[in-house]
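Take a look at the letters that make up each chain.
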Amino acid sequence: TISDLSLAECTILTPIPQFPALNPLDNPAEAKQRQGIALDRLVEEGVITEEEATAAFDVQLDVKPIQQRFDIVAPHFAIYARDELLKMFDPRTVYRGGLKVYTTIDLDLNAKAQEIAQAQIQTLLDEDHNASNACVVSIRPKTGEILAMVGSVDYWDTENDGNVNVCTADPGRQPGSSFKPFNYVTALQKGVATAATMIMDVRQAFPDPPNAPYVPENYDLKYHGPVRLRNAFARSYNIPAVWVMQKSGVKDVIRN
């Protein structure tokens, strides 16, 4: 109950109805600043002394994230959409302005993407691969509309930071296999290979001066011998992809 809260707890919670975004979970620094304003006002009104206000402000509150699960559809996309709105409008407009927001998310596709990501991670775990998370983004190429955004396999998995949207969390993250389409398209455009080209998926060392030769591995740590380009692409084999990039030219692939 409210009577169980300390002065420090009350004054850090009091400003939230006016500015919901400035809460100690999402914006701890701003919430602390607002707490100071609330304490100063109490001093001005004669409710507490300056000493009590100072003591309350100095209390280090143990703010714990919400653990209770609740119904939220496409959580990572919903939060992404909210953050985009906060870049466009004042927080008061976003939270209290009665906005009607229309998004491009396809909930059926998003649910399917979530299901596929969870199944793939479980398969990798069953095969003793060191994988615990995945993310999926599906867009409509002609417009850039986001149709699905799965930021993790389980939003509520706190052990693996499931609430972190891996799709947007690190701007410096390597593109990984998502870069392979550009690699293969470049090869097809330059006539370096066709979909039927046979590639040897065997241990290979690729020159990388002045560094040591690059020896790629497939995600399943296996070699598959002769494979068609179309099959190597479909199965996301790394060694054929590096071979194709070497034939096309790294700069041409990047430029494409």
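Residues numbered from 1 in each chain as written. Predicted model: local features only at pLDDT ≥ 70, side-chain atom pairs only at ≥ 80, totals over all residues. Heavy atoms only, no water.

*Asks:* How would you sum up the overall build of the chain? Please name residues and give values.
*Replies:* Check the secondary structure of the chain and you find 11 helices and four strands. Projected onto its principal axes, the C-alpha positions of the chain cover 85 × 40 × 35 Å. Within the chain, buried positions represent 28% of all 256 residues. If you take every contact in the chain between residues at least 6 apart in sequence, the share linking residues at least 24 apart comes to 59%. Charged side chains of the chain number 24 positive and 33 negative; the gap between the two group centres comes to 15 Å. (Helix = DSSP H or I, 4+ residues; strand = E, 2+ residues; numbered from the N terminus. Buried < 20%, exposed > 50% of the residue type's maximum accessible area, 1.4 Å probe, protein only. Contact = heavy atoms within 4.5 Å. Lys, Arg positive; Asp, Glu negative; His and termini not counted. Charge placed at Lys NZ, Arg CZ, Asp CG, Glu CD.)

*Asks:* Talk me through the packing of aromatic side chains; I want residue IDs and the actual numbers.
*Replies:* Counted under the stated rule, the structure contains four aromatic pairs. Seen in terms of ring centroids, Tyr 155 and Trp 156 are 5.1 Å apart; in terms of plane orientation they differ by 90°. Their pairing is edge-to-face. Under the relative-accessibility criterion, Tyr 155 is labelled buried at 17%. Summarising the aromatic geometry, the rings of Phe 179 and Phe 182 are spaced 5.7 Å apart at their centres and angled 35° between planes, so their arrangement reads as tilted. The cationic tip of Lys 32 hangs over the ring face of Phe 57; the distance from NZ or CZ to the ring centre is 4.6 Å. (Phe/Tyr/Trp six-rings, centres within 6.5 Å; stacked < 30°, edge-to-face > 60°. Lys NZ or Arg CZ within 6 Å of the ring centre and 35° of its normal.)

*Asks:* Requested: an account of a nonpolar patch on the surface, with residues and values cited.
*Replies:* A cluster of nonpolar side chains, namely Met 88, Phe 89, Leu 99 and Val 101, defines an oily patch on the protein surface of about 360 Å² accessible area. Inspection of the secondary structure assignment puts Leu 99 in the loop between helix H5 (91-96) and helix H6 (107-126). (Patch = residues over 30% accessible without salt bridge, like charges linked within 9 Å, V, L, I, M, F, W, Y side chains within 5 Å. Areas by Shrake-Rupley, 256 points an atom, 1.4 Å probe, with all protein chains shown as cover. Salt bridge = Lys/Arg side-chain N within 4 Å of Asp/Glu carboxyl O.)

*Asks:* Talk me through the pattern of salt bridges; I want residue IDs and the actual numbers.
*Replies:* The final tally for this structure, using the stated rule, is eight salt bridges. Close ionic contact of Lys 190 with Asp 252 constitutes a salt bridge, the shortest N to O distance being 2.6 Å. With Lys 190 in helix H8 (residues 180-190) and Asp 252 in helix H11 (residues 250-255), the pair connects residues that are 62 residues apart, well separated along the chain. For Lys 190, a relative accessible area of 43% puts it in the partly exposed group. Note on Asp 252: relative accessible area 26%, which makes it partly exposed. Linked through salt bridges whose partners overlap, the residues forming this network are Lys 190, Asp 252 and Arg 255.

*Asks:* Requested: an account of unusual backbone geometry, with residues and values cited.
*Replies:* With an omega of 0°, the peptide bond running from Pro 209 to Pro 210 counts as cis. Structurally, the position occupied by Pro 210 is in the loop between strand S3 (198-201) and strand S4 (225-228). For Ala 74, which is not glycine, the phi dihedral falls at a positive 50°. Looking at the secondary structure, you find Ala 74 in the loop between helix H3 (50-58) and helix H4 (75-88). Phi is positive for Asp 161, which is not a glycine, with a value near 55°. Residue position: Asp 161 is located in the loop between strand S2 (145-150) and helix H7 (166-169). Looking at Asp 161, the relative accessible area reads 46%, which means it is partly exposed.

*Asks:* Before we move on, can you summarise helix H10 (residues 238-248) with the specific residues and values?
*Replies:* Every buried residue belonging to H10 is among Ile 239, Pro 240, Ala 241, Val 242, Val 244 and Ser 248, and all of these are buried. Against H8, S3, S4, helix H9 (229-234) and H11 lie the buried residues of H10.

*Asks:* Lay out the nonpolar core with the relevant residues and their values.
*Replies:* Ranked by size, the top nonpolar core spans 10 residues in total: Tyr 184, Ala 187, Ala 193, Ile 199, Val 227, Leu 229, Ala 232, Tyr 237, Ala 241 and Val 244. Mapped by element, the contributors of at least two residues to this core are H8, H9 and H10. Contact partners of Ala 187, with chain neighbours within four places excluded, come to Val 192, Ala 193, Val 244 and Ser 248. Counting six residues, the second-largest nonpolar core is a separate cluster that includes Ala 74, Ala 81, Ile 105 and Ile 146. (Core = buried A, V, L, I, M, F, W, Y, C linked by side-chain atoms within 4.5 Å.)

*Asks:* Go over the side chain of Asn 183, please, and point to the residues and values.
*Replies:* With respect to the helices, strands and loops of the structure, Asn 183 is situated in helix H8. The class for Asn 183 is buried, based on a relative accessible area of 2%. Contacts of Asn 183, omitting those with residues within four sequence positions, involve Ala 241, Val 244, Met 245, Ser 248 and Val 253.

*Asks:* Tell me what's going on with the side chain of Asn 218, and back it up with residues and numbers.
*Replies:* Relative to the elements of secondary structure, Asn 218 occurs in the loop between S3 and S4. Separated by 2.8 Å, the side chain of Asn 218 and the backbone oxygen of Lys 222 make a polar contact. From its side chain, Asn 218 meets the backbone nitrogen of Asn 238 in a polar contact 2.8 Å long. Residues in contact with Asn 218, not counting those within four places in the same chain, are Asp 201, Tyr 223, His 224, Tyr 237, Asn 238, Ile 239 and Pro 240. (Polar contact = N/O pair within 3.5 Å; in protein donor to acceptor, adjacent residues only side chain to side chain.)

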